[in-house]
Amino acid sequence: MERGFPVEQKVREEFAHTLAIYCSDGRFAPACDGFIRHTLGEEWYDRFVVPGGAAWLCLDVRTVWEHEMAHRHLSFLVEAHKIQRVILIAHQSCGFYERYRLSPEQTVRKQMADLQGATRIFYERFTGITVEAYYLRVVDGEPRFEPVTLQTPGEPLPPSAPQV
Ligand SMILES: [Zn+2]
């Protein structure tokens, strides 16, 4: 008998040039994978899947350690795999943000500010990259991915965005 368990999915030789950053919450992560594959058309992509997703990129008193880790590992991925497209997804009811003890509206504002802050970091540090962001809400029991309007490089940040 052969050793190991076979799976249906293939393994590819070439690196992916797309990077998806989203939350590790297992209630939402499968919907994110389905959206990226079927709606955005990316079958092969690198993943940075951690609690809070893009929140790790933005420096805050509560994310000093995460910020350092995220920058180190994402810089490696972007450079080694020549990432060209970055997909950021935040989701409703994200436990990572509960530590901030904000109202639901303030939480969404903070998540949007983090998506914008993460976008800015990618545009500032790397060239040849496009960044897009989505907010996952559950509407009538169905996941919905709403596009988030991001500022292009050079535009001033809104006052609510984190300063990094
Ligand atoms: Zn989450």
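Note that residues are indexed from 1 along each chain, following the sequence as it is written. A pLDDT threshold of at least 70 governs which residues receive local features in this predicted model, and a stricter bar of 80 or more applies before side-chain atom pairs are shown or counted, although totals over entire chains, interfaces and linings include all residues.

*Asks:* Break down the overall build of the protein for me, with residues and values.
*Replies:* To qualify as a helix, a DSSP run of H or I must reach at least 4 residues; to qualify as a strand, a run of E must reach at least 2; elements of each kind are numbered from the N terminus. Along its length, the protein carries three helices and five strands. Start at the N end of the protein and walk to the C end: the helices and strands fall as β-α-β-α-β-α-β-β. In this treatment the radius of gyration is a C-alpha quantity, and the globule benchmark scales as 2.2 Å times the residue count to the 0.38 power. In terms of C-alpha radius of gyration, the protein reaches 16 Å, essentially the compact-globule figure of 15 Å for 164 residues. Each principal axis of the C-alpha distribution contributes one length, and for the protein these read about 60 × 40 × 30 Å.

*Asks:* Which residues make up the sheet that holds strand S2 (residues 46-49), and what are the values?
*Replies:* Two strands qualify as a pair provided that DSSP identifies no fewer than 2 bridges between them. An order of S2-S1-S3-S4-S5 is seen for the five strands of this open sheet, with the pairing classed as mixed. Of all the strands in the sheet, the pair left with one neighbour each is S2 and strand S5 (142-148). Strand-to-strand twist of the sheet, defined as the mean angle between neighbouring strand axes without regard to direction, takes the value 25 degrees. Judged from the four bridges that link them, strand S1 (residues 18-22) and S2 form a sheet pairing that is parallel. Directly across from tyrosine 22, in S2, lies its bridge partner valine 49. For every residue pair, C-beta atoms are placed from the backbone, and the pair is scored as a contact if these atoms sit within 7 Å. Helix axes use the C-alpha atoms of the stretch in contact, all axes being lines fitted to C-alpha atoms, and the angles between their N-to-C directions lie in the range 0 to 180 degrees. Strands S1, S2, strand S3 (85-91), strand S4 (130-139) and S5 of the sheet are contacted by helix H1 (residues 29-39), whose axis makes an angle of about 155 degrees with S1.

*Asks:* Explain the nonpolar core to me, and be specific about the residues and the numbers.
*Replies:* Take the buried Ala, Val, Leu, Ile, Met, Phe, Trp, Tyr and Cys residues, join any whose C-beta atoms are within 7 Å, and the set you get is a nonpolar core. For every residue, the other C-beta atoms within 10 Å of its own C-beta are counted; 20 or more classify it as buried, 12 or fewer as exposed, and values in between as partly exposed. C-beta atoms are placed from the backbone. Ranked by size, the top nonpolar core spans 34 residues in total, and within it Ala54, Val86, Leu88, Ile89 and Ala118 carry the most contacts. At the level of secondary structure, the elements contributing two or more residues to this core comprise S1, H1, helix H2 (64-80), S3, helix H3 (104-125) and S4. Of the residues forming this core, the biggest block, five residues, is contributed by S3.

*Asks:* Residue-level account of the environment of glutamate 146, with values.
*Replies:* Within the secondary structure, glutamate 146 is located in strand S5. Here glutamate 146 falls in the exposed class, since 11 other C-beta atoms lie within 10 Å of it. Spatially, the C-alpha atom of glutamate 146 lies 21 Å from that of isoleucine 129, the residues being 17 residues apart in sequence.

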